[in-house]
Amino acid sequence: MCTVTWLQTRDGFELRMNRDELRTRAVGMPPAICERDGVRYIAPRDVEGGGTWIAANDVGLAVCLLNGPSAPDGRTGVRSRGLLVEDLADARSVVDVRMQIGRTLLSSYAAFTMLVLEPGTAACVAGRCTVTGCPGATASCDLMAANGCETDTATSVAHCGA
């Protein structure tokens, strides 16, 4: 089973992920810096299926893919899910990811769960949203996704209570 953990920081987020422990799976290639449509990203590589299970780009966006439940009919997908992460590695925002996924034939893939993190925007997993980091001298003191990075820490006396 794959797991992913992230921690909000003032500058964005810290991200940790492990790939599943399937003993028959070939060892992945170590992370390498790649470029797609003018956006640089770093990602390990799945040597069997191609693609990757995690990518982080120079815009600050991170995309992680976790395996979903097996299909009752045994369908596994005709395209590696890791190629979808690679396709999204050049996204410049969560909105870009949503638009690209909207144009993607998802029935080509086995089930999955995807996490997309962008500094200063809400991260939503299973319907719960939190702000994952704020740009510059801003902060989400109330941690409410609805109003994002609402505090200017350069001018606010309270600095989120610090």
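As the structure is a prediction and not an experimental result, all values here were calculated from the model. (Residues numbered from 1 in each chain as written. Predicted model: local features only at pLDDT ≥ 70, side-chain atom pairs only at ≥ 80, totals over all residues. Heavy atoms only, no water.)

Caption draft 1: View of the overall build of the chain. Assigned secondary structure in the chain consists of 2 helices and 11 strands. The helix and strand sequence of the chain, counted from the amino end, reads β-β-β-β-β-β-α-α-β-β-β-β-β. Sorting the 162 residues of the chain into buried and exposed places 33% on the buried side. Considering only contacts in the chain between residues 6 or more positions apart, those separated by 24 or more positions represent 47%. (Helix = DSSP H or I, 4+ residues; strand = E, 2+ residues; numbered from the N terminus. Buried < 20%, exposed > 50% of the residue type's maximum accessible area, 1.4 Å probe, protein only. Contact = heavy atoms within 4.5 Å.)

Caption draft 2: The arrangement of the sheet that holds strand β4 (residues 39-45) in detail. Across the sheet, 5 strands lie side by side as β3-β4-β5-β6-β7; this open sheet has antiparallel pairing. The sheet is open, and its two borders are formed by β3 (29-36) and β7 (112-117), each paired with just one other strand. For this sheet the average axis-to-axis angle between neighbouring strands, irrespective of direction, equals 20°. Summarising the sheet, β4 and strand β5 (residues 54-57) pair through 2 bridges and their orientation is antiparallel. For I42, the partnering residue across the bridge sits in β5 and is A56. (Pairing = 2+ DSSP bridges. Axes fitted to C-alpha atoms, helices over the stretch in contact; angles between N-to-C directions.)

Caption draft 3: Fine view of the environment of G77. Residue placement: G77 occurs in the loop between β6 (62-67) and α1 (81-88). Once you skip the residues sitting within four places of it in the chain, G77 turns out to touch S108, Y109 and A110.

Caption draft 4: Here's a closer look at the packing of aromatic side chains. Counted according to the given criterion, the structure contains 1 aromatic pair. Between Y109 and F112, the ring centres sit 6.4 Å apart and the planes meet at 85°, which makes this aromatic pair edge-to-face. On the basis of relative accessible area, F112 is assigned to the partly exposed category, the value being 23%. (Phe/Tyr/Trp six-rings, centres within 6.5 Å; stacked < 30°, edge-to-face > 60°.)

Caption draft 5: View of the layout of surface pockets. There is about 410 Å³ of room inside the largest pocket. The wall of the largest pocket is formed by 22 residues, among which R25, L65, N67, R81 and A110 lie closest to the centre. Those elements that provide at least two residues to the lining of the largest pocket are β6 and α1. Residue classes in the lining of the largest pocket are distributed as 7 nonpolar, 8 polar and 7 charged. (1 Å grid on protein atoms, 1.4 Å probe; cavity = no way out; pocket = protein on both sides within 12 Å on 5 of 7 lines; lining within 4 Å. Points joined across faces, edges and corners; volume = space filled by probe spheres on them. Nonpolar A, V, L, I, M, F, W, Y, C, P; charged D, E, K, R; others polar.)

Caption draft 6: Layout of the pattern of salt bridges. Within the structure shown, the criterion is met by 6 salt bridges. Between R16 and E14 there is a salt bridge, with its nearest N and O atoms 3.3 Å apart. Note that R79 is salt-bridged to D87, the shortest N-O span being 2.9 Å. Residue classification places R79 among the partly exposed residues on the basis of a relative accessible area of 30%. Among the ionic contacts, a cluster of salt bridges with common partners joins R36, R79, D87 and D90. (Salt bridge = Lys/Arg side-chain N within 4 Å of Asp/Glu carboxyl O.)

Caption draft 7: Spotlight on the side chain of D90. Structurally, the position occupied by D90 is in the loop between α1 and α2 (94-102). Not counting residues within four places of it along the chain, the set of residues in contact with D90 comprises R36, D37, V39, N57 and Q100.

Caption draft 8: Geometry of the side chain of E86. Its location among the elements puts E86 in helix α1. Engagement of the side chain of E86 in a polar contact is seen with the side chain of R45, the distance being 2.4 Å. The residues touching E86, leaving out its near neighbours within four places in the chain, are R36, Y41, R45, G51 and T52. (Polar contact = N/O pair within 3.5 Å; in protein donor to acceptor, adjacent residues only side chain to side chain.)

Caption draft 9: Structural detail: the pairing of β5. Pairing between β5 and β6: 3 bridges, direction antiparallel. By the bridge assignment, A56 is partnered in β6 with A62. Hairpin connection, β5 to β6: the antiparallel pair is bridged by 4 residues, and G60 has positive phi, about 110°.

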